[in-house]
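# Structural overview
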Amino acid sequence: MTVAHDVVTDVADRLFAAIEAGDRDAISRLWHDDIVVWKVADRDRDKDRALRVLHWFIDTTSQRRYQVIDRQLFDGGLVQQHILHATGHNGGVIAMRVGIIIKLGVDGRISRIDEYFDPAEIAPLLEPTT
C-alpha cells in the first residue's frame, strides 16, 4: 500500500506549521511511535529523544518560520529544501539551510526523517542572552 502525494504534502505542511506554532502535541501526533530521526553528525534518534531536541528548539526560540525552496514528492514521502528562520530568546537569529527527507508509514504518520544542515549555523541560538 502506498501513501498518496496529497497525504504526504498535508502531513508535511501540518508538521512545519506545528513547529512554527510551537504545538508539541500536534508534532507528536504526526510522528509514528517507532519513528527514526537522523540528523547530520548525530546518531539515529527515537521519538522521545527527537522530541526532546525539538522541544528545546521551540523553548529556545520566540519565532520560527520555514521558507520552502524546493519540494519533490516520491511514493510515500518527500525531499524538501528550505531555510529555517528563527529568533532566539537571547536575540540570536538564524537562517539555516536544511535538506530533509520525510517518509510516511502506511498509517499516514511520519516514520522516518533524515535532516541535513550545518550544525554550526545554530550557534547564534546558543549564545548568552544579549
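Presented here is an overview of the structure given in this document. It should be emphasised that the depicted structure is a prediction, and the values quoted were computed from it without experimental measurement.

Right, let's get into the nonpolar core. In globular proteins that are soluble, nonpolar side chains generally tend to be buried together. Residues Leu15, Ile27, Trp31, Ile102, Ile110 and Ile113 are the most contacted members of the largest nonpolar core, which totals 34 residues. Those elements that provide at least two residues to this core are helix H1 (5-21), helix H2 (24-30), strand E1 (31-39), helix H3 (47-60), strand E3 (77-88), strand E4 (93-104) and strand E5 (110-116). In terms of residues, this core owes the most to one element, H1, which gives seven residues. With near-sequence residues (within four places) excluded, Ile113 lies in contact with Trp31, Ile35, Val36, Val37, Trp38, Ile100, Ile101 and Ile102.

The five strands are arranged E1-E5-E4-E3-E2 in an open sheet whose pairing can be described as mixed. Each of the sheet's edge strands pairs with one partner strand only, and the pair in question is E1 and strand E2 (61-74). The average angle at which neighbouring strand axes cross in this sheet is 25°, direction not considered. Pairing geometry for E4 and E5, over six bridges, is antiparallel. Residue Leu104 lies in a different strand from E5, and its bridge partner there is Ile110. The sheet strands contacting H1 are E1, E2, E3, E4 and E5, and the helix crosses E2 at an angle near 165°. Together, E1, E2, E3 and E4 form the strand contacts of H3, whose direction differs from that of E1 by roughly 70°.

Bringing the packing of aromatic side chains into the picture now. Across all of its chains, the model carries two aromatic pairs by this definition. Ring centres of Phe16 and Tyr66 lie 4.6 Å apart, and the angle between their planes is 50°; this geometry places the pair in the tilted category. Placement of the pair is Phe16 in helix H1 and Tyr66 in strand E2, with a sequence separation of 50 residues. The pair Phe16 / Tyr66 is uniform in exposure class, with both members buried.

To continue, consider the pairing of E3. With nine of twelve residues buried, E3 lies mostly within the body of the structure. Here E2 runs beside E3; their pairing, made up of twelve bridges, is antiparallel. Bridging from a neighbouring strand, Arg64 pairs with Ala86 of E3. What sits between E2 and E3 in their antiparallel hairpin is a turn of two residues, with Gly76 showing a positive phi close to 85°.

What follows is about the pattern of salt bridges. Side-chain pairs of opposite charge can arise where the charged atoms are in close proximity. Throughout the structure, instances matching the rule amount to seven salt bridges. We note a salt bridge from Lys47 to Asp33, for which the minimum N-O separation is 3.1 Å. Of this pair, Lys47 sits in helix H3 while Asp33 sits in strand E1; the two residues are 14 residues apart in sequence, bridging distant segments of the chain. For Lys47, a relative accessible area of 9% translates into the label buried.

The next point concerns the pairing of E4. Alternating positions in E4 separate cleanly, Ile94, Met96, Val98, Ile100, Ile102 and Leu104 being buried on one face and Val93, Ala95, Arg97, Gly99, Ile101 and Lys103 remaining unburied on the opposite face. Both E3 and E4 contribute to a ladder of eleven bridges, which runs antiparallel. Bridge assignment links Thr87 to a residue of E4, and that residue is Val93. Taken together, E3 and the strand that follows it, E4, pair antiparallel across an intervening segment of four residues, in which Gly91 is found at a positive phi of about 95°. Between the antiparallel neighbours E4 and E5 lie five residues, among them Gly108 with a positive phi of about 85°.

Rules of the game
- Residues numbered from 1 in each chain as written.
- Predicted model: local features only at pLDDT ≥ 70, side-chain atom pairs only at ≥ 80, totals over all residues.
- Heavy atoms only, no water.
- Core = buried A, V, L, I, M, F, W, Y, C linked by side-chain atoms within 4.5 Å.
- Buried < 20%, exposed > 50% of the residue type's maximum accessible area, 1.4 Å probe, protein only.
- Helix = DSSP H or I, 4+ residues; strand = E, 2+ residues; numbered from the N terminus.
- Contact = heavy atoms within 4.5 Å.
- Pairing = 2+ DSSP bridges.
- Axes fitted to C-alpha atoms, helices over the stretch in contact; angles between N-to-C directions.
- Phe/Tyr/Trp six-rings, centres within 6.5 Å; stacked < 30°, edge-to-face > 60°.
- Salt bridge = Lys/Arg side-chain N within 4 Å of Asp/Glu carboxyl O.

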